[in-house]
Amino acid sequence: MQVQGLGSMKITMQLCTAIAVFVFGALAAQGQVVSSSAQNRSIIKTDQVTYLLPAQVSVPAGRPTAVTLHFLIKQGLHINSHTPSDEYLIPTAFTIPDGAGVRLDAATYPHGTTFTLPVDPTVKLNVYTGEFVIQARIVAQAGNHLVQGKLRYQACDNNACMPPKTITVPIDVIAK
Amino acid sequence: MRRNTLVLSAVVLILAIFAWAGWANWEYRKQAAERLLAGAAQGELVPAPGGGTPQYVSPLMGKPAPTFALGDLSGKKVTLASYRGKAVLINFWATWCAPCRLETPWLIELRNKYAAQGFEVLGVDTEGDDLQKSDTAGWAKDKAAVGKFAAEMKVPYPVLMDGDSISRDYGGLDDLPASFFVDRKGKVVAAQVGLTSESEMEAKIEKALTE
């Protein structure tokens, strides 16, 4: 019986050793993933436009309510205003997808500022720079809604332009 | 009984670890592939010697310009290969790009000046709106806008559509306008990103013609 007990213990020890080896190997693989994630983050470019706040709003259910959305444009860049000076230029626009439990009733955009390219001061653009706000009037059904709003814009610096982009504007809307 | 439970638990744990290690390995490979793709043919801006505007350095410098076949505004297929023996300026632009539109008159003037010497400009429209091939309405809208602009500016050189489909070959095209100057043998001899000046473009055209 003692011999059986010893055999049992030996098997258990071997099993534990095998598990330890596998766990160590798996942790090494995880390390590779983590370090490569870190490397991946280092080559991601900074966003041209960032949504700042609010992350959460409380509104009365079913009633149009104004929410002030704050955005920040990366230094050195400008984006077209909601009413750009030329039909070809892409306006900045905020939308809320259907089916979110929250509807965008209206959006009020700031007036842009006049910007001229150093190469040709006769060309005047209407743009936003730095921090800007959009007044969004929303109507929410009763409940808690995680809204994934969208901001579409197109950014340039003094010499070049980047392709149009759409960023997500996440807002937790609590409607009572 | 107790030993059986222990063994069974150990087996389940090992299988779970295997599954997780498999996922971790797949994730690692996926990230490695993305890094490789992101690093491929990317140009960069380097400080100019003695200060001044940073210069664009393309990994395509000295190499054959990547081949392409794109449709023009009439739908006809235009290939880069058909211009072998001529110096070519491949100009990536978009209707929403104000600097691109500012340099268009320079391109027209330079093209007309050097055409007799065997020089051509290919204006490659790159709207960057990720249209699906099946989105005929979207394509028609883009083409209409491009055609309108080309007609307003009286562009004499071929204007090609769907530049997004070849943008990766030419370095990703994060910024527009982007121009590649190709010599008569099809080799890239100069490149630039952003608005520069007509004289700077002319110097690069002359380099493409004489290389």
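The shown structure was predicted, so the numbers you read here are calculated from the model rather than taken from an experiment.

Undergrad: Outline the overall build of chain A, listing residues and values.
TA: A count of helices and strands for chain A gives one helix and 12 strands. Beginning at the N terminus, the succession of helices and strands in chain A can be written as α-β-β-β-β-β-β-β-β-β-β-β-β. Sequence separation of at least 24 residues holds for 71% of the intrachain contacts in chain A that already meet a minimum separation of 6.

Undergrad: Talk me through the sheet that holds strand β8 (residues 178–182) of chain B; I want residue IDs and the actual numbers.
TA: Residues and elements named next belong to chain B. The mixed open sheet is built from five strands, whose spatial order is β7-β6-β5-β8-β9. Two strands in the sheet have a free side with no partner beyond their single neighbour: β7 (159–160) and β9 (188–193). The pairing of strand β5 (residues 87–93) with strand β6 (residues 119–125) spans seven bridges and is classified as parallel. Note on β6: the bridge partner recorded for Asn 91 is Gly 123. In the packing of helix α2 (residues 98–114) onto the sheet, contacts are made with β5 and β6, and the angle to β6 comes to roughly 155°.

Undergrad: Got a sec to walk through the sheet that holds strand β9 (residues 131–140) of chain A? Specific residues and values, please.
TA: Note: strands within a sheet are paired through backbone hydrogen bonds, in either parallel or antiparallel orientation. All names here are of chain A. The sheet built from four strands is open, its strands ordered β1-β3-β9-β6 with antiparallel pairing. This sheet does not close on itself; its edge strands, each paired only once, are β1 (49–53) and β6 (102–108). The mean inter-strand angle of the sheet, taken between neighbouring strand axes irrespective of direction, is 40°.

Undergrad: Before we move on, can you summarise the environment of Cys 97 of chain B with the specific residues and values?
TA: Note on placement: Cys 97 of chain B falls in the loop between β5 and α2. C-beta crowding within 10 Å serves as the criterion here: with 27 such atoms nearby, Cys 97 of chain B is assigned to the buried category. Here the alpha-carbon distance between Cys 97 of chain B and Thr 126 of chain B, two residues 29 residues apart in the chain, equals 9.9 Å. Look past the residues within four positions of Cys 97 of chain B in its chain and what remains in contact with it is Cys 161 of chain A together with Leu 176 and Pro 177 of chain B.

Calculation notes
Residues numbered from 1 in each chain as written. Chains lettered and ligands numbered in written order. Predicted model: local features only at pLDDT ≥ 70, side-chain atom pairs only at ≥ 80, totals over all residues. Helix = DSSP H or I, 4+ residues; strand = E, 2+ residues; numbered from the N terminus. Contact = placed C-beta atoms within 7 Å. Pairing = 2+ DSSP bridges. Axes fitted to C-alpha atoms, helices over the stretch in contact; angles between N-to-C directions. Buried ≥ 20, exposed ≤ 12 C-beta atoms within 10 Å, placed from the backbone.

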